[in-house]
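# Descriptive analysis of the structure
Chain residues, written in single-letter form:
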Amino acid sequence: MMSRRVWRGLQWAALGATVAGTAVLLKHNDWEVSTVGLVRFGRAAWAAACIAVDYKLTLSKLDAASPDYEQVKSQIHQRSAERLREMCSKNGGAFIKVGQHIGSLEYLLPKEYVQTMKVFHNQAPKSPLEDLYKVIEEDLGQKVDDVFTSFEPEPLGAASLAQVHKATLKDGSIVAVKVQHPRVKAHSYVDIKTMEVLVHGIAWLFPGFQYKWLAEETKKNLPIELDFINEGQNCERVARQMHHFDFLKVPKINWELSSPRVLTMEFCEGGKVDDVEYMQQHGISVNEVSRKLGTLYSEMIFVQGYVHCDPHPGNVLVNPTPRGTQLVLLDHGLYQTLTDDFRVHYSKMWLSMINADVEGMKKHADALNVGNLFGLFACMLTARSWKALQAGISKHEFTEAEGAEIKVNVSNYLIEITDILNRVPRQMLLILKTNDVLRGIESALKIRANATSFINMSRCCVRAVTEERRRQCQGLRCVLRTSLTERWQLTKISAYEFWLWLVSSPTIRWILSIPRRKPVL
């Protein structure tokens, strides 16, 4: 049996090792206390505890049927969102990434959280230039001055995990250099564990609010996003898959000057996809931009099954060219690969929603594990009301009243929405986020998905479904019949598109407006 003196000695040794290890860590990180995992965990735990206590104490005093209940709940949402934002800002890194994710889920989370967290899309913290130089020199094994003739000190953009600077190589080439924030990778393990513990704790306190999916997605995706070699490979893969779209530009990668924490790529000009003033100055049509963006993402989701999942305005640029408006797609760190089974059911679900086929919605939502919540799920996918879905979303324009109704329902059905997010295949989560980001761009451009918007989506869905049927065919007759069916469906879509163009043509409208002369009897 261990003597008391030996046990005491081991305790002192463990304490000494902890203190020494902490000191070494602090020295390595320039004596910044926030780099210590315990400090970061404590800050996050305190914020979560304050939020939980606020909800418990405040709402327990009110009757859910009280006229003041919704107003008070909104005030708690706002206080809690501000606490969460402050904690994410101080902890940085992965926490800001989660904040950005929350700020993208406009039709899935209370508006107070979404609006408060949107600040992270444009105001992520910046790392000092000397810290970035250390990362470049450690990873590339060369001095910055030996690689670049110029390196602009002000970043083109700063995000949660990295920032991008414009630079000039020795041969005169202008490049964009993406450099990872120095301590993000070191913090990531503790940050992910912190989120897991806190999310499980909140789920225990509030059984109706299960946000385990958020921690699971962060745990799965963060290590992938921290590997810039993977990002460069994604960039080249999507360029190959989408080469038939002449309006798409993907920057070329300079592999000789790239590493897991440094990505050097072709510098691309352009304005942000939500910058209406830039488009007006350069003669760019917002409708053309919206159409091309919809075409690109429909191809990715329904046909290719390989989806760029971070299309926020800083990652999509527009550029006028002699051949029309060019879309520049940046930041390829986060992609979702869809299985064929998921992709086909998701295509069929969208065809059902476009065609107001309620039985079809129910059937394909069930295949996506949604069950009896298929109506709410359809509303989440389209950001349209159930009334509009039943009437046909391709025939009924979106109104401000419908938008206000949807935002109210997000708060009223928060528990059910959370249930759906925990039920659906994990592939769906990033698709939902991508949908919401794209809708945010449409909102900034002051346009909305309409009948024309759904045409290319319908084409892609038809192609996805019939290609799957062709794969299942046992003989040539089946293949020919399936191909003819596909051609007929695509022809009907094209005829509908022509009819829409015809009735919207100013000349046709003018002809139809001419009063007809009554025949002389």
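This text follows the structure it describes.
Notes on the structure follow. (Residues numbered from 1 in each chain as written. Predicted model: local features only at pLDDT ≥ 70, side-chain atom pairs only at ≥ 80, totals over all residues. Heavy atoms only, no water.)

Secondary structure summary: the chain contains 22 helices and 11 strands in total. Residue burial in the chain is summarised as follows: out of 521 residues, 49% are buried. With the model as given, the accessible surface of the chain reaches about 26900 Å², and the carbon-plus-sulfur share is 57%. (Helix = DSSP H or I, 4+ residues; strand = E, 2+ residues; numbered from the N terminus. Buried < 20%, exposed > 50% of the residue type's maximum accessible area, 1.4 Å probe, protein only. Areas by Shrake-Rupley, 256 points an atom, 1.4 Å probe, with all protein chains shown as cover.)

This brings us to unusual backbone geometry. For residues that are not glycine, phi is negative in most cases, and the peptide bond is trans in most cases. Unusually for a residue other than glycine, Asp331 sits at a positive phi of about 55°. Turning to its location among the elements, Asp331 is positioned in the loop between β10 (324–329) and β11 (335–337). Unusually for a residue other than glycine, Asn369 sits at a positive phi of about 75°. Within the secondary structure layout, Asn369 lies in the loop between α14 (358–367) and α15 (374–382).

Right, let's talk about helix α3 (residues 69–91) for a bit. Count 3.6 residues to each turn of an α-helix, and residues three or four apart come out pointing the same way. For α3, spanning 23 residues, the distance from its first C-alpha to its last is 33 Å, which sits close to the expected 33 Å at 1.5 Å a residue. Every buried residue of α3 is listed here: Tyr69, Val72, Lys73, Ile76, His77, Ser80, Ala81, Leu84, Met87, Cys88 and Asn91. Directly after α3, the chain includes Gly92, whose backbone phi takes a positive value near 65°. (Expected span 1.5 Å × (residues − 1).)

Right, let's get into the side chain of Lys433. Among the structural elements, Lys433 can be located in helix α19 (residues 426–444). For Lys433, the residues in contact, after removing those within four places along its chain, are His101, Ser104, Leu105, Cys309, Asp310 and Leu334. (Contact = heavy atoms within 4.5 Å.)

Under the counting rule described, the total for this entry stands at seven aromatic pairs. Taken together, a centroid distance of 5.9 Å and an interplanar angle of 80° make the contact between Phe374 and Trp386 edge-to-face. Remark: Trp386 occurs in helix α16 (residues 386–391) and Phe374 occurs in helix α15; sequence separation between them is 12 residues. On the basis of relative accessibility, which here comes to 27%, the residue Trp386 falls in the partly exposed class. Taken together, Tyr133, Phe148 and Phe151 form an aromatic cluster joined through their ring pairs. Sitting over the ring of Phe228, Lys178 keeps its end group 5.1 Å from the ring centre. Positioned above the aromatic ring of Tyr306 is the side chain of Arg237, whose terminal nitrogen or guanidinium carbon lies 3.7 Å from the ring centre. (Phe/Tyr/Trp six-rings, centres within 6.5 Å; stacked < 30°, edge-to-face > 60°. Lys NZ or Arg CZ within 6 Å of the ring centre and 35° of its normal.)

Glancing now at the nonpolar core. Counting 115 residues, the largest nonpolar core has Leu296, Phe302, Tyr346, Trp350, Phe377, Leu381 and Met428 as the members making the most contacts within it. In terms of residues, this core owes the most to one element, helix α20 (residues 451–472), which gives eight residues. Those residues in contact with Met428, other than ones at most four positions away along the chain, are Phe342, Tyr346, Leu368, Phe377 and Leu381. Ranked by size, the runner-up nonpolar core spans 15 residues in total, among them Val135, Ile136, Val175 and Val262. (Core = buried A, V, L, I, M, F, W, Y, C linked by side-chain atoms within 4.5 Å.)

Here we come to the packing of helix α12 (residues 286–304) against helix α13 (residues 340–354). Close contact between α12 and α13 brings their axes to 8 Å; oriented N to C, the two are set at 125°. On the basis of the axis angle, α12 is oblique to α13. Facing α12, whose interface residues are Ile301, Phe302, Val303 and Gln304, α13 presents Arg343, Tyr346, Ser347 and Trp350. A class-by-class count of the residues in the contact of α12 with α13 yields five nonpolar, two polar and one charged. (Axes fitted to C-alpha atoms, helices over the stretch in contact; angles between N-to-C directions. Parallel < 35°, antiparallel > 145°, perpendicular 65-115°, else oblique. Nonpolar A, V, L, I, M, F, W, Y, C, P; charged D, E, K, R; others polar.)

Don't take any of this as a statement about function, it's just geometry.
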